[in-house]
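Residue strings, one per chain:
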Amino acid sequence: MRAVVYRQTGPSSVLEVVEREVPEPGIGEVRVRLVRAGVNPTDWKFRAGMMSGYDEVTPGQDGAGVVDAVGPDVVGFAVEDRVWVFLAQHGQAHGTAAEHVVLPATRVVHLPVGASYDVGAALGVPAVTAHRALTSGEDVDRLAPGALEGRTVLVAGGAGAVGNAAIQLARWAGATVLTTVSSDEKGALAVAAGAHHTVNYTVGDPAAEIRKVAPDGVDLVVEVAPAQNNDLDRAVTRVRGTIAIYANNGGDEFSIPVRETFSKNLRYQFVLLYTLGEDLLRAAAEDITAALEDGAFAVGEDAGVPLHHLPLAETAAAHDAVEVGAVGKVLLAIGEE
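Residues numbered from 1 in each chain as written. Predicted model: local features only at pLDDT ≥ 70, side-chain atom pairs only at ≥ 80, totals over all residues. Heavy atoms only, no water.

Identification of the protein as NADPH:quinone reductase from Nocardioides oceani is taken from an unreviewed UniProt entry.

Visitor: Requested: an account of unusual backbone geometry, with residues and values cited.
Guide: Of note, leucine 87 is a non-glycine position whose phi angle comes to about 50°, a positive value. Considering the arrangement of structural elements, one finds leucine 87 in the loop between β5 (82-85) and β6 (100-104). Overall, the relative accessible area of 2% leaves leucine 87 in the buried class. (Helix = DSSP H or I, 4+ residues; strand = E, 2+ residues; numbered from the N terminus. Buried < 20%, exposed > 50% of the residue type's maximum accessible area, 1.4 Å probe, protein only.)

Visitor: Explain the packing of helix α3 (residues 124-134) against helix α9 (residues 278-293) to me, using residue names and the numbers behind them.
Guide: Where α3 contacts α9, the two axes come as close as 9 Å, and the packing angle between them is 105°. In terms of orientation, α3 and α9 fall into the roughly perpendicular class. The segment α3 lies against α9, with Ala127, Val128, His131 and Arg132 engaging Leu280, Leu281, Ala283, Ala284, Asp287 and Ile288. The residue makeup of the contact of α3 with α9, split by class, is seven nonpolar, one polar and two charged. (Axes fitted to C-alpha atoms, helices over the stretch in contact; angles between N-to-C directions. Parallel < 35°, antiparallel > 145°, perpendicular 65-115°, else oblique. Contact = heavy atoms within 4.5 Å. Nonpolar A, V, L, I, M, F, W, Y, C, P; charged D, E, K, R; others polar.)

Visitor: Please provide a residue-by-residue account of empty space enclosed by the protein, values included.
Guide: Counted by the stated rule, this structure contains three cavities of 30 Å³ or more. Roughly 130 Å³ of volume is contained in the largest cavity. What lines the largest cavity is a set of 14 residues, and nearest its centre among them are Gly137, Asp139, Arg151, Asp219 and Leu220. The element best represented in the lining of the largest cavity is strand β12 (residues 237-245), accounting for four residues. Tallied by class, residues from the lining of the largest cavity come to five nonpolar, three polar and six charged. Looking at the second largest cavity, its volume works out to about 70 Å³. Around the second largest cavity sit Ala122, Pro126, Ala127, Ala161, Asn164, Ala165, Phe297, Val299, Val305 and Lys329, which together line it. Of all the elements in the fold, those that place two or more residues in the lining of the second largest cavity are α3 and α4 (161-172). A total of three residues in the lining of the second largest cavity trace back to one element, the largest contributor, which is α4. Along the lines of polarity and charge, the residues of the lining of the second largest cavity split into eight nonpolar, one polar and one charged. (1 Å grid on protein atoms, 1.4 Å probe; cavity = no way out; pocket = protein on both sides within 12 Å on 5 of 7 lines; lining within 4 Å. Points joined across faces, edges and corners; volume = space filled by probe spheres on them.)

As C-alpha cells, this is what we get:
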C-alpha cells in the first residue's frame with residue numbers, strides 16, 4: 001500500500017510517499033481501506049514538532065472508507081461496512097494518510113446510508129471537539145433534537161471547521177446560534193451552516209450586537225481564540241453560563257479578572273480530544289452519527305464548508321493549505337468510492 005510518512009519533524013517537505021506492507025488487524029482492531037482522509041491543524045503541528053517517540057509516523061486522525069479486515073474479538077463490524085474513523089493516529093505511529101489503516105474498533109463508527117465519504121472524513125477532530133464544547137455546560141451532556149431548545153450558543157469563528165460543526169450540531173439540537181466572523185464572505189458560510197445571526201467582530205461593538213440578540217447573555221460560548229476574546233466572552237455570557245475553549249488561536253495566555261468572573265458564576269471548560277476519555281468520545285460519535293442519519297450534518301459550499309480535495313501524493317500541499325488557514329475542509333482523495 002501507499003502511505004505518507006515522516007521520520008523527523010520539520011516543514012511539510014519532510015513528508016514522503018512510500019510503499020509499505022498492508023497491516024493486519026490484531027485483537028480488537030479493524031482495518032479500513034480509506035477513501036478519504038481529513039487534514040486538521042493537529043496534523044501539521046505534530047509533524048512540525050512532535051514525533052511522539054516513533055521512528056516513522058503516518059499523519060492523520062480522521063478518515064472514511066470501507067472495512068476490509070476484522071481482528072479477533074471485534075463485535076459489530078464486518079468486511080464491506082462503510083465507516084468513519086477518528087483519532088486514528090492517537091497512541092500509535094500510523095494514521096489516515098495511507099491507503100489502509102488499522103485502529104481499535106472503538107475508533108471506528110458506521111457511516112449511515114446516504115452519508116458520503118467526504119462528510120465521514122470531515123467529522124473526527126472538528127465534530128467531536130464541537131460536541132464536547134456544546135455538552136460542557138451544567139445540564140446538557142448529550143445532543144439530540146431539542147436538547148438545546150431555549151438556549152443561545154455563541155460560536156467564535158463560525159467559518160472554521162470546528163465552528164462549522166458546532167453551528168450544525170447546535171442548530172440540530174434546537175439552539176439559537178450566533179457566530180462571530182471576520183468578513184461578509186465568512187458570514188455567508190456561517191449562515192449556510194445554520195447560524196441564525198452573524199456578527200462581524202472587526203467593526204463596531206460586537207458585544208452590543210450580540211446583546212441585541214441575547215439581552216440576558218448567551219448560555220454557552222464555543223471559543224477558538226480565548227486570548228483575544230475572553231473580555232468579549234465574559235461580557236456576553238449569562239450568569240452561570242459556560243465558555244468552552246478548544247484552541248489557542250491568537251495567543252497562548254490570557255488572564256481572568258477574578259471578581260468579574262466569579263460574580264457571574266461562570267464555568268470555563270477546556271476541550272482537548274486526546275484526553276477526553278472513552279465515555280465522552282463514544283457519546284460524541286453516537287450523537288454525531290445520529291445527526292448524520294437525520295440529514296442535519298453536511299459538508300460542501302451549501303453547508304458552509306467548501307471542500308478542497310488533494311491526492312495522497314500531495315499531502316504536503318494539504319498540510320500547507322491547512323497551516324495557512326484554508327477556508328473550508330481539506331481532504332485527501334485516497335481510494336475509489
